[in-house]
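Letter by letter, the chains look like this.
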Amino acid sequence: MKKSLPLSSIRIDDSYWNRYTKLIPEKVIPYQWDVLNDKRSDASPSYCLKNFRVAAGEEKGKQQGMVFQDSDVTKWLEAVAYSLATRPDPQLEKTADEVIALIGRAQEKDGYLNTYFTLNYLREKWQNLTEGHELYCAGHLIEAAVAYYDTTGKKALLEIACRFTDLICKTFGSDDDQMHGYPGHPEIELALVRLYHATNITRYLDLAKYFIDVRGGQPNYFYEEKKRPGFRHIFGESYGFEPKYFQSHLPVRKQTTAEGHAVRALYLYCAMADLAEEYNDDELLESCKTLWNNIVQKRMYITGSVGSSGHLERFTVDYDLPNDSNYSETCASIALVMFGQRMAKVTGDASYFDTAELALYNSVRSGISLDGEKYFYVNPMEVVPQVCIDHVSKSHIKPVRQKWFDCACCPTNVARTFTSLGQYIYFIEENELFINLFIQNETTFTIEGKKVTLSLVTDYPKTGVSKIKVKTEDTSINLNIRIPSFAKDFSVTINDNSTSGENKNNYFHISNVKDGDEIIVSFSITPRIVYPNPKVPNNCGKVAIVRGPEVYCFEECDNGENLAALELDTSSPLIEQWQEDLLGGIMTIKVKGNRTIIKDDTEPFSEKYDPNLIENKKEIELTALPYAFWCNRTTGEMLVWIRAC
């Protein structure tokens, strides 16, 4: 079974990723700590830690915020744990220990832990799995507990999580005296697998399997739950319930299309992949492959974002990919990265990392500003700021990143993702090491009891050259290097000698790598024009620019207003221009195009073509930059797909 290397063994020092890996511990974690304590007057109040203090009896009041507000604290703790693994900070660890102690004081005697129900609706525990998020919050508690235990060896949070999980194990299951329900928002399933690995307690794994197996059975649990006397809607009776929204329309093994709330769906699929591996469940794995292919081939944006509907944050139908009204929640992109990592791990196929990398480099990074204090919840493909006003169909589109949100799942999710970046770079299995991402780092690990140190030096994605050096103690390793789908001229040399190697599931396989060996991986990264599938109606007649894993966009501050009037000349060369002083160093692309000059004060339409409406077309030079960095300078229009000429 493949495993990620421990974060503590990986030291990332990458000129491209340092802007995030250093930003999180230095600015983001402290900023989020202030927000969680309601110390930022310029951000929406969080109430998170106050809720725990009230639940612990240390303050008076009631729970405030969303029903899942507790999860913001535990995701922050998870980010702290990963940060401590690579960057020890005694003061930060002390703060985390104090938060953990507070959570313990808020826990009820039987192990139950959820401030929303403890403080506001004590008699409604487990009565609204559809909307209640109790199991979702438990899942994030578990993930934080495992991460903190792995990093520090401290068991306090793990014991809190186990007490709660033991209660959940007693409450849910197939026995007559147990509830036969499952989470409205999947998350605990994948967390239970992690808890099993941390504790070796099999009932946690069994419960994860139960939640997966029972989901989508008939009669539908959520429908039956609503019929009970005294059932209370948390989000109101108009809440858009339907089985597909909760991925409960069919048993998971019979689901063939990605449906409903995108984050819920992808967390569910992550757990399915985990359990397929744990139980050697080929049928479950085939379902994962089918769902993955449906997403990537028909329901995913070019940036790796998913969830095209601004209503209920959900998947819609194949090829429905609007540019200026899509949702593309940051959390959904993070979940897609997680799903891709798991699929690569269980199948051994590196191609899943093409999509995981795509989402990571584009729609995940766009979710946070380069100063670490502003966030996108929604990641559109096209923005005209003046139409993103309240109480209209595009009101969910924000032309600037926000300081915080009433529903603040994304900021802490970004923090835990970037602090755990190392887990995506490598897999290890026996004497095989797999390199999934080209991020500069040094790592030390053991194979067959022997110490191995590997350094990966690269300036990717500026170029596609990576130098790998290996030091070993009287042993050798087999090295597997991912071959990106866009790398058409992939080549490898070992100690200055070229090698043909072997392509194994989109990994370049090298056997018997020994002490002192130096491996150079090289492939060209050149910008390319990408054309849309004609089945995507919003993009007919348009093109996009992609370079390596990065999708490019056009901003008003480089190209002037009314970006819709621009055309890109597809016969013109794409000229790369590295700008060291722009946004920490990025590759911009220049290309020729046209701007349609329109007379002022003309009507929006006419019954016949009037050439007088258009004065002329002016040839101009267009400038594109990586999508992840848009809106880090000034507010203005942005688009990814541009008209072609």
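Here goes a summary of the coordinates provided. Within any chain, residue numbers begin from 1 and follow the written order of that chain's sequence. Given that the model is predicted, a residue must reach a pLDDT of at least 70 before its local features are reported, and side-chain atom pairs must reach 80 or more before they are shown or counted; all residues, however, enter totals for whole chains, interfaces and linings. Here the side-chain values reflect all heavy atoms present in the structure, with hydrogen atoms and water set aside.

Quick look at the packing of aromatic side chains now. Centres within 6.5 Å make a pair out of two Phe, Tyr or Trp rings, where for Trp the six-membered ring is used; the pair is then stacked when the planes are under 30 degrees apart, edge-to-face when over 60, and tilted otherwise. Applying the stated criterion across every chain, the model contains 36 aromatic pairs. Ring geometry for Tyr-327 against Tyr-377: centres 5.9 Å apart, planes inclined by 75°, an arrangement best described as edge-to-face. Within this pair, whereas Tyr-327 is found in the loop between α13 (282-298) and α14 (330-347), its partner Tyr-377 is found in the loop between α15 (352-364) and β2 (382-383), the two being separated by 50 residues in sequence. Of the two residues, Tyr-327 and Tyr-377, both sit in the buried class. Through a chain of ring-to-ring contacts, three or more aromatic side chains come together here, namely Trp-17, Tyr-20, Tyr-361, Phe-418, Phe-438, Tyr-460, Phe-486, Phe-490, Phe-508 and Phe-523. Whether a charge sits over a ring comes down to the Lys NZ or Arg CZ being within 6 Å of the ring centre and within 35 degrees of the ring normal. Seen from the ring of Tyr-16, Arg-19 lies directly overhead, with NZ or CZ sitting 4.5 Å from the centre. Over the ring of Trp-17 we find Arg-365, and its NZ or CZ is 5.4 Å from the ring centre. Here a strand is any run of E in DSSP of at least two residues, a helix any run of H or I of at least four, and the numbering for each starts at the N terminus. Partly exposed describes any residue whose relative accessible area lies between the buried limit of under 20% and the exposed limit of over 50%, with all areas from a 1.4 Å probe on protein chains only and scaled to the type maximum.

Here we come to the layout of surface pockets. Method remark: on a 1 Å grid restricted to protein atoms, a set of points is classed as a cavity if a 1.4 Å probe fits but cannot get out and as a pocket if it is open with protein on both sides within 12 Å along at least five of seven lines; lining residues have an atom within 4 Å of a point. Grid points are joined across faces, edges and corners, and a volume is the space filled by probe spheres set on the points. In this structure, the largest pocket spans a volume of roughly 1,100 Å³. Lining the largest pocket are 35 residues, and of these Ser-4, Val-146, Asp-150, Arg-194 and Gln-423 sit closest to its centre. At the level of elements, α4 (70-86), α7 (134-152), α9 (188-199), α12 (262-278), α14 and α16 (409-419) are the ones that each hand at least two residues to the lining of the largest pocket. Three categories are distinguished: nonpolar for Ala, Val, Leu, Ile, Met, Phe, Trp, Tyr, Cys and Pro, charged for Asp, Glu, Lys and Arg, and polar for the others, with Gly belonging to the last. Among the residues forming the lining of the largest pocket, the class breakdown is 15 nonpolar, 8 polar and 12 charged. Roughly 830 Å³ of internal volume is contained in the second largest pocket.

Basic side-chain nitrogens of Lys or Arg form a salt bridge, by our definition, when they fall within 4 Å of a carboxyl oxygen of Asp or Glu. Using the criterion set out here, one finds 40 salt bridges in the structure. Lys-2 is the partner of Glu-429 in a salt bridge, and the nearest nitrogen-oxygen pair spans 3.3 Å. Residue Glu-429 is found in strand β3 (residues 426-429), and its partner Lys-2 is found in the segment before β1 (10-12); the two are separated by 427 residues along the sequence. With relative accessibility at 11%, the residue Lys-2 sits in the buried group. Taking the shortest distance from any N to any O, the salt bridge between Glu-357 and Arg-482 comes out at 2.8 Å. You can see Glu-357 sitting in helix α15 and its partner Arg-482 sitting in strand β8 (residues 477-482), a full 125 residues away along the chain. The class of Glu-357 is buried, set by a relative accessible area of 1%. In this structure, a network of salt bridges that share partners links the residues Lys-209, Asp-213, Arg-253, Asp-281 and Glu-283.

A few words on α14. Helices are assigned an expected span. That span is 1.5 Å times one less than the residue count. Under the 1.5 Å per step criterion, the end-to-end length of α14 is 26 Å for 18 residues, consistent within 8% with the ideal 26 Å. Where burial is concerned, most of α14 is hidden: 16 out of the 18 residues are buried. One or two residues past the end of α14 sits Gly-348, with phi positive at roughly 75°.

Extensive coverage of strand β19 (residues 586-598) is indicated by the burial of 10 of its 13 residues. If DSSP finds at least two bridges between two strands, the strands pair. Bridge count for strand β17 (residues 566-568) against β19 is 3 bridges, and the pairing is antiparallel. Bridging from a neighbouring strand, Leu-566 pairs with Arg-595 of β19. With 5 bridges joining them, strand β18 (residues 575-579) and β19 adopt antiparallel strand pairing. Within β19, the position partnered with Glu-576 by the bridge is Ile-589. Counted between consecutive antiparallel strands, the loop separating β18 from β19 contains 6 residues, among which Leu-583 sits at a positive phi close to 55°.

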